[in-house]
Amino acid sequence: QHYYITNNLSSMIAEASAPVPSRLSIVPSRVNGSVLQDCSSEVHCSSCKERFNQIAKLPRLLPCFHTVCEGCLHLEGILAHACPICKEKYSLGTDGISSLKVNYYVTKMVQIFNLLESEQTERLKCMGCNRAAHFRCMKCSENYCSSHAEFHHKSRATHDHNIIAVKDVANNIHSLSAVREQEYCAVHTTRSLELYCLECDKALCSLCCITQHRTHSTCSVANAAQRAKRELLSLGPKAGEKMSVEKQKVIALKKMANEVQIDHETAKRTLKEFSQRMIQNIKTREDELLSHLSAKRSALNRTINGKIEQTEDKLKMVKQTKEFAEKIQKNWSEVEILNVRKQIVDRLQEFSDSRTESVDNIYISPIRFAPSGEDALIQGIWSFKNRHLLKV
């Protein structure tokens, strides 16, 4: 969809006399409202539902890979240091919330969303005549109507600029390659980020490389990004295998919980049948025994449910990490991927290296009610508590 023209003289002369490509000459249609609706969730904070911006609503990427605005982090997360969405705990560096990485992918999505929204409501104005604009020059970051887009495209000074129709952006809302602008150095704002310092784990411009990282090992951003993608791809299968093991653990724990429940019901039924036969002797003790029995079940279920919850939390964490890693490989720029690479790698590596506790090592004592005989009922009932219910 990009239109490029060579810089030699013959091409410039030919372009001056040639008609403008049809995509600049057509009468553009407005952006379909459903496009904005489809991507709305990505440009709004999941916690407060307000749109991200570059000021109070700057999108910050949490260790759990949820993106939350700074405002919500100040209101909720700064005290508990927990994600407002999934409640996962995290720690902040010495810089506080500023130590959390900015989700630059989301900031660019917000810019595109605002552009599409303005075009749909005809608030996007042409730089040349203040009429409704439907085209954008990516080089100049200016918006034009059809007439001025053609003029801009035919001009000798700007004939090689990339002009795109806003509706074309809408058709590729999740593919930022169509509207990707060069990332620039935060220090040397006119220099693009072309190099990557392997020691500092940071994208650099050529001047930063010479002045601040000249003794460090560096490579091109493209090579570093390819290496990061390979690293993420290699960790994906390992995490998948680990997830399979953890899922089997959850299944086994749930089966164990079911057996505990069956044991409980069987023992409860046996106890009730026995108590009915000996109602005159054991009525005063029945409620107490049932209470101890339920306490035993509750204690066992708390142990098992705690294991289930712990394991499912781990699965949830690695799943969202894995899905996030897959997502950024498709849609994020190289710099954006490198910006979060270490967080993802550390999280996946930590999960892959963690030890899975075997279910066989979790001891759950069976629940039973087995009196030694009706003649020894009283003695059996009073000794039952210590010999069975409290054994863990």
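Residues numbered from 1 in each chain as written. Predicted model: local features only at pLDDT ≥ 70, side-chain atom pairs only at ≥ 80, totals over all residues. Heavy atoms only, no water.

**A word on the sheet that holds strand β9 (residues 218–220)**
Here is step 1 of the chain: The strand order across the open sheet built from three strands is β8-β7-β9, with neighbouring strands paired in antiparallel fashion. Of all strands in the sheet, those with a lone pairing partner are β8 (202–204) and β9, marking the two edges. Between one strand axis and the next, the sheet turns by 35° as a mean value, whatever way the strands run.
Here is step 2 of the chain: Note: strand β7 (residues 195–197) against β8, three bridges, orientation antiparallel. Bridge pairing links Tyr196 to Ala203 in β8.
Here is step 3 of the chain: Along the sheet, helix α9 (residues 221–277) makes contact with β7, β8 and β9, crossing β9 at roughly 90°. (Pairing = 2+ DSSP bridges. Helix = DSSP H or I, 4+ residues; strand = E, 2+ residues; numbered from the N terminus. Axes fitted to C-alpha atoms, helices over the stretch in contact; angles between N-to-C directions. Contact = heavy atoms within 4.5 Å.)

**Concerning the confidence of the model for the chain**
Here is step 1 of the chain: Confidence in the prediction for the chain averages 77 pLDDT; 78% of positions are at 70 or higher.
Here is step 2 of the chain: When pLDDT is averaged over each helix and strand of the chain, the minimum, 36, is found for helix α1 (residues 9–17) and the maximum, 93, for β7.
Here is step 3 of the chain: Overall, residues 1–29 carries pLDDT values under 50, and its contacts beyond four positions in sequence, including any with other chains, amount to 54 contacts.
Here is step 4 of the chain: Predicted confidence for residues 386–392 stays below pLDDT 50, and this span has 14 contacts to residues more than four positions away or in other chains. (pLDDT = per-residue confidence, 0-100.)

**What about the packing of α9 against helix α11 (residues 334–353)?**
Here is step 1 of the chain: At a minimum axis distance of 9 Å, the contact between α9 and α11 shows a crossing angle of 30°. Here α9 is positioned roughly parallel relative to α11, judged by the angle of their axes. Crossing angle aside, the handedness with which α9 passes α11 is left-handed.
Here is step 2 of the chain: Looking at side-chain class alone, the contact of α9 with α11 contains 16 nonpolar, two polar and seven charged residues. (Parallel < 35°, antiparallel > 145°, perpendicular 65-115°, else oblique. Left-handed = near helix turned anticlockwise from the far one by under 90°. Nonpolar A, V, L, I, M, F, W, Y, C, P; charged D, E, K, R; others polar.)

**Structural notes on the environment of Cys126**
Here is step 1 of the chain: Tracing the backbone through its elements, the reader meets Cys126 in the loop between α5 (104–120) and β4 (135–137).
Here is step 2 of the chain: Placed 23 residues apart in sequence, Cys126 and Ala149 show a C-alpha to C-alpha distance of 9.1 Å.
Here is step 3 of the chain: Apart from the residues lying within four places of it in its own chain, the contact partners of Cys126 are Arg131, Ala133, Asn143, Tyr144, Cys145 and His148.

**Notes on the packing of aromatic side chains**
Here is step 1 of the chain: Applying the stated criterion across every chain yields a total of three aromatic pairs.
Here is step 2 of the chain: Between Tyr105 and Trp332 the ring centres are 5.4 Å apart and the planes differ by 15°, which places this aromatic pair in the stacked class. Here Tyr105 is found in helix α5, whereas its partner Trp332 is found in the loop between α10 (279–331) and α11, with 227 residues between them in sequence. We note that Tyr105, like Trp332, is buried.
Here is step 3 of the chain: A ring pair is formed by Phe324 and Trp332, whose centres lie 5.3 Å apart and whose planes are at 85°; its orientation type is edge-to-face.
Here is step 4 of the chain: In this structure Phe324 comes out as buried when scored by relative accessible area, which is 9%.
Here is step 5 of the chain: Pairwise contacts between aromatic rings join Phe65, Tyr105, Phe324 and Trp332 into one cluster. (Phe/Tyr/Trp six-rings, centres within 6.5 Å; stacked < 30°, edge-to-face > 60°. Buried < 20%, exposed > 50% of the residue type's maximum accessible area, 1.4 Å probe, protein only.)

**Quick look at α11**
Here is step 1 of the chain: Taking 1.5 Å of rise per residue, 20 residues should cover 28 Å, and α11 covers 27 Å from first to last C-alpha, within 8% of that figure.
Here is step 2 of the chain: Approximately 45° is the largest bend angle found in α11, and it occurs at Val340.
Here is step 3 of the chain: If you check which residues of α11 are buried, you get Val335, Glu336, Ile337, Leu338, Val340, Arg341, Ile344, Val345, Arg347, Leu348 and Phe351. (Expected span 1.5 Å × (residues − 1). Bend = angle between axes of the 7 residues up to and from the residue.)

**Some points on the pattern of salt bridges**
Here is step 1 of the chain: One pass over the full model with this rule turns up 10 salt bridges.
Here is step 2 of the chain: Salt-bridge contacts for Asp201 lead to Arg341; the nearest nitrogen and oxygen are separated by 3.1 Å. Taken as a pair, Asp201 in the loop between β7 and β8 and Arg341 in helix α11 lie far apart in primary sequence, 140 residues in all.
Here is step 3 of the chain: Residue classification places Asp201 among the partly exposed positions, given a relative accessible area of 22%.
Here is step 4 of the chain: When its relative accessible area of 17% is taken as the criterion, Arg341 is described as buried. (Salt bridge = Lys/Arg side-chain N within 4 Å of Asp/Glu carboxyl O.)

**Concerning the sheet that holds strand β1 (residues 59–61)**
Here is step 1 of the chain: Spatially, three strands are ordered β2-β1-β3 in an open sheet, and the strand pairing comes out antiparallel. Sheet topology places β2 (67–69) and β3 (101–102) at the edges, where each strand pairs with a single neighbour.
Here is step 2 of the chain: Bridge analysis of β1 against β3 gives two bridges, and the strand direction is antiparallel. By the bridge assignment for β3, Leu61 is matched with Lys101.

**Here's the deal with the side chain of Thr321**
Here is step 1 of the chain: Within the secondary structure, Thr321 is located in helix α10.
Here is step 2 of the chain: A distance of 2.8 Å separates a polar atom in the side chain of Thr321 from the backbone oxygen of Met317.
Here is step 3 of the chain: Each residue touching Thr321, except ones within four places of it in the same chain, is listed here: Phe65, Ile344, Arg347 and Leu348. (Polar contact = N/O pair within 3.5 Å; in protein donor to acceptor, adjacent residues only side chain to side chain.)

**Quick look at the side chain of His213**
Here is step 1 of the chain: One can find His213 in the loop between α8 (206–211) and β9.
Here is step 2 of the chain: You can call His213 buried: its relative accessible area is 7%.
Here is step 3 of the chain: Excluding its chain neighbours within four sequence positions, the residues that come into contact with His213 are Cys197, Cys200, Leu204 and Cys208.

**Here we look at the state of the cysteines**
Here is step 1 of the chain: One pass over the structure, following the stated rule, counts zero disulfides.
Here is step 2 of the chain: Considering cysteine sulfurs only, Cys83 is the nearest to Cys64, which forms no disulfide, with 3.6 Å between them.
Here is step 3 of the chain: Under the relative-accessibility criterion, Cys64 is labelled buried at 2%.
Here is step 4 of the chain: The thiol sulfur of Cys137 is not disulfide-bonded, and the nearest other cysteine sulfur, from Cys140, lies at 3.7 Å. (Disulfide = S-S within 2.5 Å.)

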